[in-house]
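Listed here are the chains, written in short residue letters.
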Amino acid sequence: MSLSRLPLSYCTNVHPGRTVAEVVEGLDRFSRPIKAKYGSELATGLWLASSVVREFGTSVDILRRFADGLKSRGLTCYTLNAFPYGDFHDTRVKENVYLPDWADANRLEYTRACARCLAEFLPEGGEGSISTVPLGFKLFDRPENFMDRCLDQLIQLARQLDQLYSETGKMIRLAIEPEPFCILETTAETLQFFTRLRQRASDERALEVVRTHLGVCYDVCHQAIEFEDVAASIRSLASADIRINKVHITCALQIDFPSQNNASRAALARFVEPRYLHQTLALTDSGKILKHRDLDQNFIASPPAEFRDAPVWRVHFHMPVDAETVGPLKTTRHELKVALATIPELNYAPHLEVETYTWPLLPQESAPNIVEGVARELLATSKLLSKE
């Protein structure tokens, strides 16, 4: 199977969008100039915050005017990022990005409303995807019935998406996005979860709609941080018939031999910032994986001995996907190349989206402006894809 022939997408969570007007401003300030610099057709992977979705819900005319505005700007949209529910550009997002979780009715309602919006953006007979949280954050307290609630709501959403397909002829699929420190973070956990989900769906006579509408968003950066073999990971999902509905084209930070590399640790310290969660994992010589919840200055200066002596750390800080190195630091671009070389083995074509939302937070010498940076990423990604 070849790669998707749809225009390459970039995720608009890199710029603010807390109201419909602000989303429209982002299209003009960022999306159109990015397309011009990229020089090819471009899809916007819209992040629609809950406040934006509610505003769309007040009037069909507002939603349709927005859809018309996409077309008039020469832009398309076939995928949404419905992972961040609230303000993804707040002063402090961190663990709040995982709320509400999939046990909360607000998450179900928000995702259903996003699907209704996406159906308006898609062409006749079009197929869309929506990425979402991997159930919730592992370190939060949860009620005993948390997993049952998640299963019930995901099955309910699958039925709603099936009904939407019957009404509109537009196939929209959910893409659950594993991430470090979340309920679903590893491929093994994802496989186990989908076995349980499908058993529950079978008991409720909803197995077909769950298989059709529920799959994963494969964020390459996330699985690389877990030190997974990304090719084996993708193939294991395929073997289990778990559909990868979207691939997030992403790279993480990597530091080799941190105990011997003072320059790299000093460079890493410049990536500590208060907005997003930067889960940090290490791989020891024995193959053990160590985990630290969030990158901070004290940890970098004085890590626990086992962490300090590990030969490699990887950090959840989305890096420009065209970069192999950033100063003395490395990125996981090698894993990205492996992932993009493996995806064509699938018997379908997942949606492809560049998702580097951290451009505004990169140290200045690492960061051209958003338009130049994202356009550069798209051009580099297109070159990688053309090799497959």
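Novice: Outline the packing of aromatic side chains, supporting the account with residue identities and numerical values.
Specialist: Under the counting rule described, the total for this entry stands at 16 aromatic pairs. On the numbers, 5.1 Å between centres and 85° between planes, the contact of F271 with F317 is edge-to-face. Here F317 lies in strand β11 (residues 312-319) and F271 lies in the loop between α10 (262-269) and β9 (280-283), a separation of 46 residues in the sequence. Classification of F271 as buried rests on a relative accessible area of 3%. Put simply, the rings of W47, F88, Y276 and Y357 touch in pairs and so form one group of aromatic residues.

Novice: Just give me the short version of empty space enclosed by the protein, but keep the residues and values in it.
Specialist: Tallied over the full model, the rule gives four cavities of 30 Å³ or more. Computed from the structure, the largest cavity encloses a volume of approximately 160 Å³. Looking at the lining of the largest cavity residue by residue, the class counts come to nine nonpolar, five polar and four charged. The residue makeup of the lining of the second largest cavity, split by class, is five nonpolar, four polar and one charged.

Novice: Account for the sheet that holds strand β6 (residues 214-219), naming residues and giving values.
Specialist: One closed barrel accounts for eight strands, arranged β1-β2-β3-β4-β5-β6-β7-β14; its pairing is parallel. Strand-to-strand, the axes of this sheet are offset by a mean angle of 30°, without reference to chain direction. Two elements, strand β4 (residues 127-132) and strand β5 (residues 171-176), share six bridges in a ladder whose sense is parallel. Paired with E127 across the bridge in β5 is M171.

Calculation rules
Residues numbered from 1 in each chain as written. Predicted model: local features only at pLDDT ≥ 70, side-chain atom pairs only at ≥ 80, totals over all residues. Heavy atoms only, no water. Phe/Tyr/Trp six-rings, centres within 6.5 Å; stacked < 30°, edge-to-face > 60°. Helix = DSSP H or I, 4+ residues; strand = E, 2+ residues; numbered from the N terminus. Buried < 20%, exposed > 50% of the residue type's maximum accessible area, 1.4 Å probe, protein only. 1 Å grid on protein atoms, 1.4 Å probe; cavity = no way out; pocket = protein on both sides within 12 Å on 5 of 7 lines; lining within 4 Å. Points joined across faces, edges and corners; volume = space filled by probe spheres on them. Nonpolar A, V, L, I, M, F, W, Y, C, P; charged D, E, K, R; others polar. Pairing = 2+ DSSP bridges. Axes fitted to C-alpha atoms, helices over the stretch in contact; angles between N-to-C directions.

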